[in-house]
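# Summary of the model geometry
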Amino acid sequence: MAIDWQLLGFGDEGWGGVLLNAATVTVTVSLCAWVLGAILGSLLCWMQIGGARWQQRLASGYITLFRGVPELLVIYLFYFGGRQVVSFVGESLGLQGPFDVNGFVAGAIAIGLISGAYQSSVFRGAFYAIPKGTLEAATVTGMGRLMLFRRMIVPQALKTALPGMGNQWQSVIKESALVSVTGLVETMNQISTASNSTQMPFFFYSVGAVIYLIITTCSDFVFRYVEKVAMRGQQRARL
């Protein structure tokens, strides 16, 4: 089977440019989802550790829900279900349609909510990894809760949580392929378009696999570097 490598060119007849743009969209939607997941994960972790009983139950219910429901179903719910909700609200307010939901926003929120459920467990494990003696010593010196959180808990917990956060980033990258069902022109969507247009599915889906592999490999190097810098600071503190 002959392969015309000019199909990956950046000219008018090549798919290189559109695939590069699609990869940029993939990274962007993944980053938004991951950051949203980190924020939600931190909040859920706080609710489980220091919240009232109803807050603990609410956080546990959230985690159970979004860890048990398939990712694709959550995306469908936010995109197609969200369109119906937006249309209902708009018509109730007397606004004229058509009403729609942005695929980027719906996908980022859906994946971010799922990621938050998993990142909460990462942060909770990192908190419990902090030696109790360290927190007790900080309390004895007169640190308030806010200062204790800012100077002791966050720096130490983040060092422990970095590997888990890196794993979650890799998961979010792969889950972003599901956002193609919303019509968002990201890597998976563009790869499918190129495959159908050229009738070369094996070639273009292989190219898609390479693109995702490049993104995840580069991300792995970044997280490994950050972990190395964080551990270097911890070793200096011990000395």
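Everything numeric in this text was worked out from a predicted model, so none of it was measured.

## Observations regarding the overall build of the protein chain
Scanning the protein chain from terminus to terminus reveals 8 helices and 0 strands. Starting at the N terminus and walking to the C terminus, you meet the elements of the protein chain as α-α-α-α-α-α-α-α. Once the C-alpha set of the protein chain is aligned to its principal axes, its extents read approximately 70 × 55 × 25 Å. Residue burial in the protein chain is summarised as follows: out of 239 residues, 38% are buried. Within the protein chain, contacts between residues at least 6 apart in sequence are counted, and of these 71% link residues at least 24 apart. For the protein chain, the computed accessible surface area is about 14,200 Å², with 65% contributed by carbon and sulfur atoms. Taken as two groups, the 16 positive and 11 negative side-chain charges of the protein chain have centres that lie 25 Å from each other.

## Points about the environment of F66
Position of F66 relative to the elements: it lies in helix α2 (residues 53–68). With 47 residues separating them in the primary sequence, F66 and L113 have C-alpha atoms 7.3 Å apart. Once residues lying within four places of it in the same chain are set aside, the contact partners of F66 are V74, L113, I114 and A117.

## Quick notes on the confidence of the model for the protein chain
The predicted model of the protein chain has a mean per-residue pLDDT of 87, with 95% of residues at 70 or higher. The element-level mean pLDDT for the protein chain is lowest in helix α5 (residues 132–140), coming to 76, with α2 highest at 94.

## Remarks on the packing of helix α1 (residues 16–50) against helix α6 (residues 145–175)
Their axes nearest at 9 Å, the elements α1 and α6 cross at an angle of 135 degrees. One element, α1, and the other, α6, form an angle in the oblique class. Here α1 and α6 pass one another in a crossing that is right-handed. Contact residues: α1 offers V27, S30, L31, A33 and W34, while α6 offers M165, Q168, W169, V172 and I173.

## Some words on the UniProt feature "transmembrane region" (unreviewed entry) in the protein chain
Here, UniProt's "transmembrane region" (unreviewed entry) annotation points to residues 20–46, 58–79, 99–118 and 202–226. Secondary structure within residues 202–226 divides into 100% helix and 0% strand; the distance between the first and last C-alpha atoms comes to 36 Å.

## Some thoughts on the nonpolar core
A general tendency of soluble globular proteins is for nonpolar side chains to be buried together. Residues L19, Y62, F66 and F204 are the most contacted members of the largest nonpolar core, which totals 49 residues. Mapped onto this core, the elements with two or more residues apiece are α1, α2, α3 (71–92), α4 (103–128), α5, α6, α7 (187–198) and α8 (201–238).

## What about the packing of aromatic side chains?
The description of an aromatic ring pair rests on the distance of the ring centres and on the angle between the ring planes. Going through the model one piece at a time under the given rule, you end up with 8 aromatic pairs. Measuring from centroid to centroid gives 6.0 Å for W34 and F223, while their planes differ by 80 degrees, and the two rings are edge-to-face. Linking W34 in helix α1 with F223 in helix α8, this pair joins segments that are 189 residues apart in sequence. In this structure, W34 and F223 share a single accessibility class: buried. The interplanar angle of 80 degrees and the centroid separation of 5.1 Å between the aromatic rings of F203 and F204 together place this pair among those described as edge-to-face. Connected via pairs of aromatic rings, a cluster forms that spans W15, F203 and F204.

## Thoughts on the UniProt feature "domain: ABC transmembrane type-1" (unreviewed entry) in the protein chain
The feature "domain: ABC transmembrane type-1" (unreviewed entry), as given by UniProt, occupies residues 19–223 in the numbering adopted here. For residues 19–223, the end-to-end C-alpha separation is 25 Å, with 83% helix and 0% strand making up the annotated structure.

## Thoughts on the packing of α1 against α4
Here α1 crosses α4 at 45 degrees, and the two axes come no closer than 5 Å. With respect to each other, α1 and α4 are oriented oblique. Relative to α4, the crossing made by α1 is right-handed. Counted by class, the contact of α1 with α4 contains 20 nonpolar, 10 polar and 1 charged residues.

Cut-off values and rules
- Residues numbered from 1 in each chain as written.
- Predicted model: local features only at pLDDT ≥ 70, side-chain atom pairs only at ≥ 80, totals over all residues.
- Heavy atoms only, no water.
- Helix = DSSP H or I, 4+ residues; strand = E, 2+ residues; numbered from the N terminus.
- Buried < 20%, exposed > 50% of the residue type's maximum accessible area, 1.4 Å probe, protein only.
- Contact = heavy atoms within 4.5 Å.
- Areas by Shrake-Rupley, 256 points an atom, 1.4 Å probe, with all protein chains shown as cover.
- Lys, Arg positive; Asp, Glu negative; His and termini not counted.
- Charge placed at Lys NZ, Arg CZ, Asp CG, Glu CD.
- pLDDT = per-residue confidence, 0-100.
- Axes fitted to C-alpha atoms, helices over the stretch in contact; angles between N-to-C directions.
- Parallel < 35°, antiparallel > 145°, perpendicular 65-115°, else oblique.
- Left-handed = near helix turned anticlockwise from the far one by under 90°.
- UniProt positions renumbered as here; feature names shortened; annotations may be inferred.
- Core = buried A, V, L, I, M, F, W, Y, C linked by side-chain atoms within 4.5 Å.
- Phe/Tyr/Trp six-rings, centres within 6.5 Å; stacked < 30°, edge-to-face > 60°.
- Nonpolar A, V, L, I, M, F, W, Y, C, P; charged D, E, K, R; others polar.

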